[in-house]
Amino acid sequence: MRAEFIDPGAFRHEVALEAVELAPDGAGGHFETWSEIATLFARIEPISATNRFGADQRLEGVTHRVTMRWRADVASGMRLRRLTRSLAVVNVHDPDESGRYIVCQAREIGR
């Protein structure tokens, strides 16, 4: 497979990689706490923005492509935090299967 060229100089956004930890709430349920695993640099590119009306409210969504150096511990269900923005990782893949970079599709939380 041909190696894809990704410019590492484009990794200019400092992001925190976070994983969820579930703790019991004492009533049979649980609550989420997020812990930071690592701080890394990534390239964040907006892909699409949607705006639809449903259930008497606006439902907005923004998706991003996040490219970073390869890490074995990145998985869907995690999130990336940049300043006041949070991005939920939807899926993760290695674009050229070389083990150099990973690309995450992420959905912005709270927008």
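In what follows, the structure referred to is the one given above.
Along each chain, the written sequence defines residue order, and numbers are assigned to residues from 1. Reporting of local features is limited, given that this is a predicted model, to residues whose pLDDT is at least 70; pairs of side-chain atoms are given and counted only at 80 or more, and all residues count toward the totals for whole chains, interfaces and linings. Side-chain descriptors were evaluated using all non-hydrogen atoms of the structure, hydrogens and water having been removed beforehand.

A. Layout of the packing of aromatic side chains. Side-chain rings of Phe, Tyr and Trp (the six-membered ring for Trp) are treated as a pair once their centres are within 6.5 Å; stacked means planes under 30 degrees apart, edge-to-face means over 60, and tilted covers the remaining angles. If you walk through the whole model with that rule in mind, you get one aromatic pair. With a centroid separation of 5.7 Å and an interplanar angle of 75°, the aromatic rings of phenylalanine 11 and tyrosine 101 are classed as edge-to-face. Linking phenylalanine 11 in the segment before strand 1 (13-24) with tyrosine 101 in strand 6 (residues 101-109), this pair joins segments that are 90 residues apart in sequence. With respect to burial, phenylalanine 11 and tyrosine 101 carry one shared label: buried. Elements are defined by DSSP. Helices are runs of H or I of four residues or more, strands are runs of E of two residues or more, and each kind is numbered from the N terminus. Relative accessibility decides the category of a residue: with a 1.4 Å probe and only protein chains considered, values under 20% of the type maximum give buried, values over 50% give exposed, and everything between is partly exposed.

B. Examining the environment of aspartate 73 more closely. For aspartate 73, the location among the structural elements is in the loop between strand 3 (57-69) and strand 4 (79-82). A relative accessible area of 31% means that aspartate 73 is categorised as partly exposed. When neighbours within four sequence positions are excluded, aspartate 73 is seen to be in contact with Leu17, Ile37 and Met78. Of note is the side chain of aspartate 73, whose polar atom sits 2.8 Å from the side chain of arginine 71. The contact criterion used is simple: two residues touch if any of their non-hydrogen atoms lie within 4.5 Å. Polar contacts, as counted here, are pairs of nitrogen or oxygen atoms within 3.5 Å of one another; within protein the pair requires one atom able to donate a hydrogen and one able to accept it, and residues that are adjacent in sequence qualify only if both atoms are side-chain atoms.

C. Quick look at the nonpolar core. Nonpolar cores were defined as sets of buried Ala, Val, Leu, Ile, Met, Phe, Trp, Tyr and Cys residues, with membership established by side-chain atoms within 4.5 Å. Ranked by internal contacts, the top residues of the largest apolar core, which has 17 residues, are Leu40, Val66, Met68, Leu80 and Cys104. For this core, the secondary structure elements donating two or more residues are strand 1, strand 2 (30-54), strand 3, strand 5 (85-93) and strand 6. Considering every element that reaches this core, the biggest residue donor is strand 2, with four residues. Once residues lying within four places of it in the same chain are set aside, the contact partners of leucine 40 are His13, Glu14, Val15, Leu17, Met68 and Arg71.

D. Layout of the sheet that holds strand 5. A pair of strands is considered paired only if DSSP assigns at least 2 bridges between the two. An order of 1-2-3-6-5-4 is seen for the six strands of this closed barrel, with the pairing classed as antiparallel. Adjacent strand axes in the sheet meet at a mean angle of 45°, parallel and antiparallel pairs treated alike. Note that strand 2 and strand 3 share 12 bridges and pair antiparallel. Residue pairing across strands places alanine 42 opposite methionine 68, the latter belonging to strand 3. All axes here are fitted lines through C-alpha atoms, helices being fitted over the stretch that makes contact, and every angle between N-to-C directions spans 0 to 180 degrees.

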